[in-house]
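# What the coordinates show
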Amino acid sequence: MQKPGFHAEVGQYVFMAAPEIAPLEWHPFTLSSSPEEDYFSVHIRIVGDWTEELARRCGMSCRPGEELPPIKAPPEILVDGPFGTASEDVFKHRVAVCIGAGIGVTPFASVLKSIWYQSLDPNSLLQVQKVYFVWMCPDTHAFEWFADLMRSLEDQMIELGKADFIDFKIYLTRPGASAEKAGMMVAHTLAGDVDPILQMQSPNIMQYGRPQWNRLFQTYGTNHTGEDIGVFFCGPKGLSSQLHTLCNQHTNLALGTRFFYNKENF
């Protein structure tokens, strides 16, 4: 989408309305585009009457076998915003840990794309030197829309000689994911060094079950002793409280290692 005079920073959100569907309903959506792009975009999960009707009016069927008439024009969309979130502070840290749960990954699409654009700019004063990206999602279908972005980022960073710049970890949390693990392990063996699902070269991207948070935070602190580490989370409140506690526990003032916690709940 494009709107004259519109400018957003990473991870911001907008309110959207579709008068043809519900004139008085406004819904918040996080922007998945970056400030360097000449358009803004959102990714919308189809859940509920409003999002289903919006999808249909954009020509997307929501039920198996559903046939829709050809659309003459996309629906009119009203946009209010953008509004700020904690994700904007990611560029204040040399080390950033970005954690998304489910659709909470959306603001980090904006963050990662902006990092990529700034890495391509020789005049950029990009402060971030290392990004740890952790995403929890129910199954492999949940991240298909994000896979192209991750592959593109990995390819570009390898070309720039920064293959270790972003550490990707995706956790399949759906019950039964461990049973799926056996088939994935076979696929990994056959694929060699390339992840068979994402077609990426980074090792051990796909994980099964839930993250071992204490071990991850120990790794972050060990790898970056004496540094300030920004932790950015978008997801449910329960996990947010756990991560906030871990940031306090793993801050070591004697060694100069400090974790700074930022959250965006949904």
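Since the structure is predicted, the reported quantities are computational estimates derived from the model, not experimental observations.

The next thing to look at is the confidence of the model for the chain. When pLDDT is averaged along the chain, the result is 82, and 85% of the positions lie at 70 or above. Here helix α4 (residues 177-191) is the element of the chain with the lowest mean pLDDT, 48, and helix α5 (residues 213-223) is the one with the highest, 96. Counted against residues more than four places away or in other chains, residues 177-182, with its pLDDT under 50, gives 6 contacts.

What follows is about the packing of α5 against helix α6 (residues 237-250). Axis separation between α5 and α6 bottoms out at 10 Å; the angle between their running directions is 40°. Judged by the inter-axis angle, α5 sits oblique to α6. Relative to α6, α5 is oriented so that their crossing is right-handed. Counting all contacts with α5, which are made through Trp213, Asn214, Phe217 and Gln218, the residues of α6 involved are Leu239, Gln242, Leu243, Leu246, Cys247 and His250. Of the residues assigned to the contact of α5 with α6, the class counts are 6 nonpolar, 4 polar and no charged.

What follows concerns the nonpolar core. Within the largest apolar cluster, 32 residues are counted, with the highest numbers of intra-cluster contacts made by Leu112, Ile115, Val131, Phe133, Phe146, Phe165 and Ile166. Listing elements by their share of this core, those giving two or more residues are β4 (95-101), α2 (106-120), β5 (130-137), α3 (144-159), β6 (166-172) and β8 (228-235). The element that contributes the greatest number of residues to this core is α2, accounting for 6 residues. Not counting residues within four places of it along the chain, the set of residues in contact with Ile166 comprises Leu112, Val131, Phe133 and Leu153. In terms of nonpolar packing, the next biggest core, distinct from the first, is built from 21 residues, Ala101, Val134, Phe217 and Tyr261 among them.

To continue, consider the sheet that holds strand β2 (residues 27-30). Pairing within the open sheet is antiparallel, and its 3 strands lie in the order β2-β1-β3. Because the sheet does not close on itself, it has two edges, and the strands there are β2 and β3 (78-83). Each strand axis lies, on average, 30° off the axis of its neighbour in the sheet, ignoring direction.

Next up on the list: the environment of Met16. Tracing the backbone shows Met16 in strand β1 (residues 13-17). Take Met16: its relative accessible area is 2%, and that puts it in the buried class. In this structure, Met16 is in contact with Met1, Glu25, Trp26, His27, Phe29, Val42, Trp50, Ile77, Leu78 and Val79, ignoring residues within four places of it in sequence.

Let's shift gears to the packing of aromatic side chains. Scanning the model with the defined rule gives 10 aromatic pairs in all. Pairing Tyr13 with Phe15 gives two aromatic rings, centres 5.9 Å apart and planes at 75°, and the pair type is edge-to-face. Centroid distance Phe217 to Phe259: 5.4 Å. Interplanar angle 45°. Geometry classified as tilted. Of the two residues, Phe217 sits in helix α5 while Phe259 sits in strand β9 (residues 258-265), which places them 42 residues apart along the sequence. Accessibility classification places Phe217 together with Phe259 in one group, the buried group. Aromatic ring contacts, followed pair by pair, group Tyr132, Phe217, Tyr220 and Phe259 into a single cluster. The residue whose ring lies beneath Lys130 is Tyr132, and the NZ or CZ to ring-centre distance is 5.2 Å.

Cut-offs used in this document
Residues numbered from 1 in each chain as written. Predicted model: local features only at pLDDT ≥ 70, side-chain atom pairs only at ≥ 80, totals over all residues. Heavy atoms only, no water. pLDDT = per-residue confidence, 0-100. Helix = DSSP H or I, 4+ residues; strand = E, 2+ residues; numbered from the N terminus. Contact = heavy atoms within 4.5 Å. Axes fitted to C-alpha atoms, helices over the stretch in contact; angles between N-to-C directions. Parallel < 35°, antiparallel > 145°, perpendicular 65-115°, else oblique. Left-handed = near helix turned anticlockwise from the far one by under 90°. Nonpolar A, V, L, I, M, F, W, Y, C, P; charged D, E, K, R; others polar. Core = buried A, V, L, I, M, F, W, Y, C linked by side-chain atoms within 4.5 Å. Buried < 20%, exposed > 50% of the residue type's maximum accessible area, 1.4 Å probe, protein only. Pairing = 2+ DSSP bridges. Phe/Tyr/Trp six-rings, centres within 6.5 Å; stacked < 30°, edge-to-face > 60°. Lys NZ or Arg CZ within 6 Å of the ring centre and 35° of its normal.

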